[in-house]
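Chain and residue survey
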Amino acid sequence: GFCSEGKYCGTEELFSNNGFEIDSDNNGIPDGFDRTGSAGNSVIDTREKYKGARSIKLTSRYGSFGQTVNLQRGSFYSFIAFVKGGCRNIALYYNDNEGRGHNLNYEARNRYWYWSATPVWQPITMDFTAPAAILRNLRIECSDTVEAGRIYPILWVDAIHLERNIQDQPSALVNDCGYC
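All of the points below concern the structure found in this document. (Residues numbered from 1 in each chain as written. Predicted model: local features only at pLDDT ≥ 70, side-chain atom pairs only at ≥ 80, totals over all residues. Heavy atoms only, no water.)

This brings us to the state of the cysteines. Counted by the stated rule, this structure contains one disulfide. A sulfur-sulfur separation of 2.2 Å characterises the disulfide bridge that pairs Cys-87 with Cys-142. Negative torsions about the S-S bond denote left-handed disulfides, and the value of about 105 degrees found for Cys-87 with Cys-142 makes this one right-handed. Of the two residues, Cys-87 sits in the loop between strand 5 (76–85) and strand 6 (90–95) while Cys-142 sits in strand 9 (residues 134–142), which places them 55 residues apart along the sequence. Comparing Cys-87 with Cys-142, the two get one shared label, buried. (Disulfide = S-S within 2.5 Å. Helix = DSSP H or I, 4+ residues; strand = E, 2+ residues; numbered from the N terminus. Buried < 20%, exposed > 50% of the residue type's maximum accessible area, 1.4 Å probe, protein only.)

As structure tokens, this is what we get:
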């Protein structure tokens, strides 16, 4: 798991560049990630960050940075990230092999549910069973809907982690950071 002190104490980290720190070609996209949405709607931010020198700033629906991860279908995984901002409907999404988008929050609990951001950094966590062997563009998105003429809420994301639970049981590390 990833603890609030910034200490990673889990098994193998499945995201590369999980703090968005590296952009070796200076194209505005963290190395290892793909942009989902238009360029101005998802950017690297150096002013607001939980840990390190950078975070990502999301300013529109469907705008994010995603990374393709290889998992073992049917195995248990733990996800954690730190978020802040005004978004009320945060969810974890991925694309299947045909490019269709899926709400992993819905698939994990068979109902719609979302996290909400606050003005201070806070962790969001989820234990889930891998629905497929490859999750393309696994990403956090703000799913808020905004009336015409209103400003879309900003969401900052940092320190994302994904790990397989060795015992194939929900991880106590994600839910009790004091454990590690």
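More follows now that the structure is in view.
With that settled, consider unusual backbone geometry. Of note in the backbone geometry, Asn-17 takes a positive phi value of approximately 55 degrees without being a glycine. Structurally, the position occupied by Asn-17 is in the segment before strand 1 (34–36). Given a relative accessible area of 16%, Asn-17 falls into the buried group. With a phi close to 65 degrees, Phe-20 is a non-glycine residue in the positive phi region. By relative accessible area, which is 1% here, Phe-20 ends up buried.

It is worth stressing that arrangement in space is one thing and function is another; only the former is reported here.
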